[in-house]
Amino acid sequence: MPTSREMASAIDSIGMLDRPIYTLTKCFCLWKAVLLLIILASPGPGYDTSTALLLSSDGEGPGNPAAGSMGWLISHVGLRLARWDSIYFLKIAQRGYLFEQEWAFGYGYTRFLSFLLPESLRSLQNLAVTGVLLSNLCHYLSVLVLYRLSQATFNSNRKNYNVIPFLAAALHIVTPAGAFISAPNGEAAFSFLNFLGYYVFITALNDERQGSYCMRDLKFLSAGAFFAAATSVRSNGLLSGLLFVYDAVSGLHQIITHGLLWHVIRRLAMYVAYKDFCLAEDPRPWCNRLFPSIYAWVQSYYWNVGFLRYWTFSNIPLLCIAAPMIIILVYSGVRVWANLLPILPNCEPDIIRLPVVVLVPGIEPGDRE
């Protein structure tokens, strides 16, 4: 397996690290062009006909605008990507939250998508195109932020040590999500906001080491705001709050300056749902819970989301599809930690070696100085 120095030398030999942002931008555009060709070449209406049925019910025919025009092409691509969860996001952005189960879909993303278009232009076609453009923009920005985040994490000041940040950003371009991350949903927006929150948080720690405490506090507050925004898009953003929980343990001052803002913004969307469903004459069952969260209720009651509920016999094919990526991630993680943690022996992990090139480089045991 190549060492980190060998990988850096190989990448540097073809000039990728001379202008990393430019190279990443070219890779991003090329990858999106490939996905676009695949989408356009796909025959038929697709496996999910919900989009066409929804357009018909709303009186939006697929023939508008004229077939073959640039407007038709853009609308065609947008509607091709409007599948599965995207249908919920678009419909909610068009007319707001109507049914209880719709609260499983991020409040922040749907409200922002609705904000981008005036009410008179909020047709499903226009929302789909706007959502696709927004997702691709967020995906591109998340690639750049991830590159800077990796640089800040590994203190990559010299060109030869930028290989890990470059590879991390490049791999995020060709994410296994494929065209799904370009669809009108909250995946790309969540990645961008979450990466940005981590980047601001790490730079705040660097400011603290340099004695710039005012800038540190400002960045901590900004990181909390970015994590709160990410949480409004996807509930996974709650895990990012663990950074502030760690700070809270070390001092009460930090929970006031960091965690409070994150907590207040997080609860705003929950209040809207509580007002609609719990202050009515017939309140819903989740209203009487100790922590009345509509999100936890609809995920469990309507979407059967819970611990190990996905691990069923009928889902074995889907788990097999994900198995190669899971194995690579676990194997790479074990190797990296085995090489970086001084408490572990400088030897190969006691696991089966895979005949693949792991694209999360670490320092080889024999490569230490």
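Residues numbered from 1 in each chain as written. Predicted model: local features only at pLDDT ≥ 70, side-chain atom pairs only at ≥ 80, totals over all residues. Heavy atoms only, no water.

Draft legend 1. Expanded view of the overall build of the chain. Check the secondary structure of the chain and you find 14 helices and 0 strands. Taken from the N to the C terminus, the helices and strands of the chain come in the order α-α-α-α-α-α-α-α-α-α-α-α-α-α. Expressed as a percentage of the 369 residues in the chain, the buried residues total 41%. Across the chain, every contact between residues at least 6 apart in sequence was considered, and the portion connecting residues at least 24 apart equals 66%. (Helix = DSSP H or I, 4+ residues; strand = E, 2+ residues; numbered from the N terminus. Buried < 20%, exposed > 50% of the residue type's maximum accessible area, 1.4 Å probe, protein only. Contact = heavy atoms within 4.5 Å.)

Draft legend 2. A look at the environment of Asn304. Within the secondary structure, Asn304 sits in the loop between helix 13 (294-301) and helix 14 (316-340). Accessibility expressed as a relative area gives 48% for Asn304, which makes it partly exposed. Contact partners of Asn304, with chain neighbours within four places excluded, come to Gln299 and Arg309. Within the local environment of Asn304, its side chain forms a polar contact with the side chain of Arg309, the two groups lying 3.4 Å apart. (Polar contact = N/O pair within 3.5 Å; in protein donor to acceptor, adjacent residues only side chain to side chain.)

Draft legend 3. Structural detail: the pattern of salt bridges. One pass over the full model with this rule turns up 6 salt bridges. Note that Arg284 is salt-bridged to Glu100, the shortest N-O span being 2.8 Å. Residue Arg284 is located in the loop between helix 12 (252-277) and helix 13, and its partner Glu100 is located in the loop between helix 5 (85-95) and helix 6 (107-116); the two are separated by 184 residues in the primary sequence. Salt-bridge contacts for Glu208 lead to Arg216; the nearest nitrogen and oxygen are separated by 3.0 Å. The class of Arg216 is buried, set by a relative accessible area of 12%. Among the ionic contacts, a cluster of salt bridges with common partners joins Glu208, Arg216 and Asp217. (Salt bridge = Lys/Arg side-chain N within 4 Å of Asp/Glu carboxyl O.)

Draft legend 4. Focus on a nonpolar patch on the surface. On the surface, Phe307, Leu308, Tyr310, Trp311, Leu318 and Ile321 cluster together to form a nonpolar patch covering roughly 790 Å² of accessible area. With respect to the secondary-structure elements, Tyr310 resides in the loop between helix 13 and helix 14. Since its relative accessible area comes to 46%, Tyr310 is described here as partly exposed. (Patch = residues over 30% accessible without salt bridge, like charges linked within 9 Å, V, L, I, M, F, W, Y side chains within 5 Å. Areas by Shrake-Rupley, 256 points an atom, 1.4 Å probe, with all protein chains shown as cover.)

Draft legend 5. Local environment of the packing of helix 7 (residues 124-154) against helix 8 (residues 163-173). At a closest axis distance of 8 Å, the pairing of helix 7 and helix 8 adopts a crossing angle of 155 degrees. Here helix 7 is positioned roughly antiparallel relative to helix 8, judged by the angle of their axes. Every pair of crossing elements has a handedness; the one defined by helix 7 and helix 8 is right-handed. On helix 8, the residues touching His139, Ser142, Val143, Leu146, Tyr147, Ser150, Gln151 and Phe154 of helix 7 are Ile164, Pro165, Phe166, Ala168, Ala169, His172 and Ile173. Here the contact of helix 7 with helix 8 is composed, by residue class, of 10 nonpolar, 5 polar and no charged. (Axes fitted to C-alpha atoms, helices over the stretch in contact; angles between N-to-C directions. Parallel < 35°, antiparallel > 145°, perpendicular 65-115°, else oblique. Left-handed = near helix turned anticlockwise from the far one by under 90°. Nonpolar A, V, L, I, M, F, W, Y, C, P; charged D, E, K, R; others polar.)

Draft legend 6. Geometry of the UniProt feature "transmembrane region" (unreviewed entry) in the chain. Those residues carrying the UniProt feature "transmembrane region" (unreviewed entry) are residues 21-41, 127-149, 161-182, 188-206, 218-237, 243-265 and 310-331 in this numbering. For the annotated span residues 127-149, helix accounts for 100% and strand for 0% of the residues, and the straight-line distance between the end C-alpha atoms is 31 Å. Taken as a whole, residues 218-237 contains 80% helix and 0% strand, while its terminal C-alpha atoms sit 20 Å from one another. (UniProt positions renumbered as here; feature names shortened; annotations may be inferred.)

Draft legend 7. How the structure looks around the packing of aromatic side chains. With the rule as written, the count across this model stands at 14 aromatic pairs. Here a set of aromatic residues connected by ring pairs shows up, and it is made of Tyr88, Phe89, Phe105, Tyr109 and Trp303. The ring of Tyr22 has Arg19 sitting right over it, with the charged end atom 4.2 Å from the ring centre. The residue whose ring lies beneath Arg234 is Phe190, and the NZ or CZ to ring-centre distance is 5.9 Å. (Phe/Tyr/Trp six-rings, centres within 6.5 Å; stacked < 30°, edge-to-face > 60°. Lys NZ or Arg CZ within 6 Å of the ring centre and 35° of its normal.)

Draft legend 8. Inspection of the nonpolar core at higher detail. Ranked by internal contacts, the top residues of the largest apolar core, which has 48 residues, are Leu90, Tyr109, Trp286 and Ile294. Those elements giving two or more residues to this core turn out to be helix 5, helix 6, helix 7, helix 9 (187-209), helix 10 (213-233), helix 12 and helix 13. The leading source of residues in this core is helix 9, at 11 residues. One finds Phe28, Tyr147, Phe166 and Ala169 within the second-largest nonpolar core, a separate group that totals 8 residues. (Core = buried A, V, L, I, M, F, W, Y, C linked by side-chain atoms within 4.5 Å.)

Draft legend 9. Just the confidence of the model for the chain, in detail. In this model, the chain carries an average pLDDT of 76, and 70% of its residues clear a pLDDT of 70 or more. Looking across the chain, the model is least confident in helix 1 (residues 4-13), with a mean pLDDT of 55, and most confident in helix 9, with 91. Low pLDDT, under 50, characterises residues 343-369; the stretch is placed with 46 contacts to residues that sit more than four places away or in other chains. (pLDDT = per-residue confidence, 0-100.)

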